[in-house]
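# A structural walkthrough
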Amino acid sequence: MSKIAVVYWSSTGNTEAMAQQVAAGAEAAGAESSLIQAAEFDAGQAAAYTAIAFGCPAMGCEQLEDAEFEPMFSAVAPALAGKPIALFGSYGWGDGEWMRSWEETARSAGAALAAESVICCESPDDDAQAACRALGETLAKA
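Residues numbered from 1 in each chain as written. Predicted model: local features only at pLDDT ≥ 70, side-chain atom pairs only at ≥ 80, totals over all residues. Heavy atoms only, no water.

The next subject is the pattern of salt bridges. Throughout the structure, instances matching the rule amount to one salt bridge. Of the charged contacts in the structure, one is a salt bridge between Arg100 and Asp95, with a shortest N-O distance of 3.0 Å. (Salt bridge = Lys/Arg side-chain N within 4 Å of Asp/Glu carboxyl O.)

Moving on, we get to helix α3 (residues 69–76). Within α3, burial applies to Phe69, Met72, Phe73 and Val76. Down the axis of α3, the smallest arc covering the buried residues is 95 degrees, so these residues share one side. Elements in contact with the buried residues of α3: β1 (3–8), α2 (43–46), β3 (51–55) and α4 (97–108). (Buried < 20%, exposed > 50% of the residue type's maximum accessible area, 1.4 Å probe, protein only. Helix = DSSP H or I, 4+ residues; strand = E, 2+ residues; numbered from the N terminus. Arc of directions from axis to C-beta. Contact = heavy atoms within 4.5 Å.)

Scanning the entire structure with this criterion turns up eight aromatic pairs. When the centroid spacing of 5.7 Å and the interplanar angle of 85 degrees are considered together, the rings of Phe73 and Trp102 count as edge-to-face. Of this pair, Phe73 sits in helix α3 while Trp102 sits in helix α4, and the two are 29 residues apart along the sequence. The pair formed by Phe73 and Trp102 is uniform in burial state, with each residue classed as buried. Sitting over the face of the ring of Tyr49, Lys3 holds its NZ or CZ atom 5.2 Å from the ring centroid. (Phe/Tyr/Trp six-rings, centres within 6.5 Å; stacked < 30°, edge-to-face > 60°. Lys NZ or Arg CZ within 6 Å of the ring centre and 35° of its normal.)

Next up on the list: the nonpolar core. Residues Phe41, Ile52, Phe54, Phe69, Met72 and Trp102 are the most contacted members of the largest nonpolar core, which totals 26 residues. Secondary-structure elements contributing two or more residues to this core are β1, β3, α3, β4 (84–91) and α4. Not counting chain neighbours up to four residues away, the residues in contact with Trp102 comprise Phe54, Gly55, Cys56, Leu64, Phe69, Phe73, Leu87 and Phe88. Met18, Ala19, Ala51 and Ala53 belong to the second-largest nonpolar core, a separate cluster that totals 21 residues. (Core = buried A, V, L, I, M, F, W, Y, C linked by side-chain atoms within 4.5 Å.)

Moving on, we come to unusual backbone geometry. Glycine aside, negative phi is the norm for most residues, and most peptide bonds take the trans geometry. Despite not being glycine, Glu62 has its phi angle at roughly 55 degrees, a positive value. Here Glu62 is to be found in the loop between β3 and α3. The exposure class assigned to Glu62 is buried, which follows from its relative accessible area of 12%. You will see that Glu122, though not glycine, has its phi angle at about 65 degrees, which is positive. If you trace the backbone, Glu122 turns up in the loop between β6 (118–121) and α5 (126–141). Owing to a relative accessible area of 42%, Glu122 belongs among the partly exposed residues under this scheme.

Further remarks concern the environment of Arg107. By secondary structure assignment, the location of Arg107 is in helix α4. Taking relative accessible area as the criterion, Arg107 reaches 47% and is therefore assigned partly exposed. Through-space distance from the C-alpha of Arg107 to that of Phe69 is 18 Å; in sequence the pair is 38 residues apart.

Helix-helix packing is characterised by the crossing angle of the two axes and by the distance between the axes. Orientation of helix α1 (residues 14–28) relative to α5, taken along the N-to-C sense of each, is 45 degrees, at an axis distance of 6 Å. When the interaxial angle is binned, α1 and α5 end up oblique. The handedness of the crossing between α1 and α5 is right-handed. Between α1 and α5, the contacting residues are Met18, Gln21, Val22, Gly25 and Ala26 on the first element and Gln129, Cys132, Arg133, Leu135, Gly136, Glu137 and Ala140 on the second. A per-class count over the contact of α1 with α5 returns six nonpolar, four polar and two charged. (Axes fitted to C-alpha atoms, helices over the stretch in contact; angles between N-to-C directions. Parallel < 35°, antiparallel > 145°, perpendicular 65-115°, else oblique. Left-handed = near helix turned anticlockwise from the far one by under 90°. Nonpolar A, V, L, I, M, F, W, Y, C, P; charged D, E, K, R; others polar.)

Purely spatial values, then, with no claim about function.
Take a look at the structure:
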């Protein structure tokens, strides 16, 4: 059975709602999933999971949240080489530049992006929720 970590940071609840849908999709596909807040995840935990979904909203000038999430992701990145991962998050402005930059950072670390990243403006609508569930299903099969 696949074991999926869904690691996220959320301020307004939008990215948390997306994380819940990713976990539901993974479980619907037969995987075990764990919802983990970014502050509670570290590189030592990465090996315990078959795949990992990371969620973070765009902050500031389209960047990852810099107090908890970005330091955690930077610390975990070396442990992601060859591991299937997926990225998701919400934004309130811009065009998704933060996600494109984040994808490049993940690829540079050697992570295998197993699914197309999911982004949504503000609160996840029905389409975004379905995309998050599909992302979870894809990770469960990776």
